[in-house]
Amino acid sequence: MICFFHPPFRRGQLFSIFGLVFAAEFGDRSFLATIALSAAQNPFSVCGGAIGGHAIATAIAVSGGAYIAKYVSEKVIGYIGGGLFLLFALTTATGIF
């Protein structure tokens, strides 16, 4: 677990990661769904649920990534991610899913 006061922690890394995630999430489906939910539901409840859901999903992704990184090189992970991205783009473009 990363502690904010642990010596290897770098503030620049935090801002870099925040910027990357913010740019990636801004305008995606979950962002638009959150807008729709807050229009129909209590905005404070939607905010709490969205933050909680995103925190759990991020914790799973970070834990899984740290585990996989022990066994698979970053280059292979990049190839797998790129291949999945192209597969999802193809299925979306052809209307399979």
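Look a little higher up for the structure.
Residues numbered from 1 in each chain as written. Predicted model: local features only at pLDDT ≥ 70, side-chain atom pairs only at ≥ 80, totals over all residues. Heavy atoms only, no water.

Draft legend 1. The arrangement of the overall build of the protein chain in detail. Counting its secondary structure elements, the protein chain contains 4 helices and 0 strands. Here the protein chain holds 97 residues, and the buried ones make up 2% of them. Total accessible area computed for the protein chain in this model is approximately 8,500 Å², and 75% of it derives from carbon and sulfur atoms. (Helix = DSSP H or I, 4+ residues; strand = E, 2+ residues; numbered from the N terminus. Buried < 20%, exposed > 50% of the residue type's maximum accessible area, 1.4 Å probe, protein only. Areas by Shrake-Rupley, 256 points an atom, 1.4 Å probe, with all protein chains shown as cover.)

Draft legend 2. Broad picture of the environment of Ser-30. Here Ser-30 is to be found in helix H2 (residues 29-40). Taking the C-alpha atoms as reference, Ser-30 lies 9.5 Å from His-54; in sequence the two are 24 residues apart.

Draft legend 3. Inspection of the packing of aromatic side chains at higher detail. Evaluated as defined, the whole model comprises 4 aromatic pairs. Ring geometry for Phe-22 against Phe-26: centres 5.5 Å apart, planes inclined by 35°, an arrangement best described as tilted. Feature note: the residues Phe-18, Phe-22, Phe-26 and Phe-31 constitute an aromatic cluster, connected by ring pairs. (Phe/Tyr/Trp six-rings, centres within 6.5 Å; stacked < 30°, edge-to-face > 60°.)

Draft legend 4. A nonpolar patch on the surface, seen in detail. Together, Phe-18, Phe-22, Phe-26, Phe-31, Leu-32 and Ile-35 give the surface a local cluster of nonpolar side chains, amounting to about 620 Å² of exposed area. Elements that contribute at least two residues to the nonpolar patch include exactly helix H1 (11-25) and H2. Element by element, the count of residues in the nonpolar patch is highest for H2, at 3 residues. Note on placement: Phe-22 falls in helix H1. (Patch = residues over 30% accessible without salt bridge, like charges linked within 9 Å, V, L, I, M, F, W, Y side chains within 5 Å. Salt bridge = Lys/Arg side-chain N within 4 Å of Asp/Glu carboxyl O.)

Draft legend 5. Spatial organisation of H1. The end-to-end C-alpha separation of H1 is 21 Å, in line with the 21 Å expected for 15 residues at 1.5 Å each. Looking one or two residues past H1, Gly-27 carries a phi angle of roughly 90°, positive in sign. (Expected span 1.5 Å × (residues − 1).)

Draft legend 6. Spotlight on helix H4 (residues 74-94). Helix length check: H4 (21 residues) gives 30 Å between terminal C-alpha atoms against 30 Å at 1.5 Å per residue, within 8%. Two residues or fewer after H4 comes Gly-95, characterised by a positive phi angle close to 80°.

Draft legend 7. The side chain of Thr-91, seen in detail. Tracing the sequence through the fold places Thr-91 in helix H4. Note on Thr-91: relative accessible area 10%, which makes it buried. Within polar-contact distance, the side chain of Thr-91 engages the backbone oxygen of Phe-88 at 3.0 Å. (Polar contact = N/O pair within 3.5 Å; in protein donor to acceptor, adjacent residues only side chain to side chain.)

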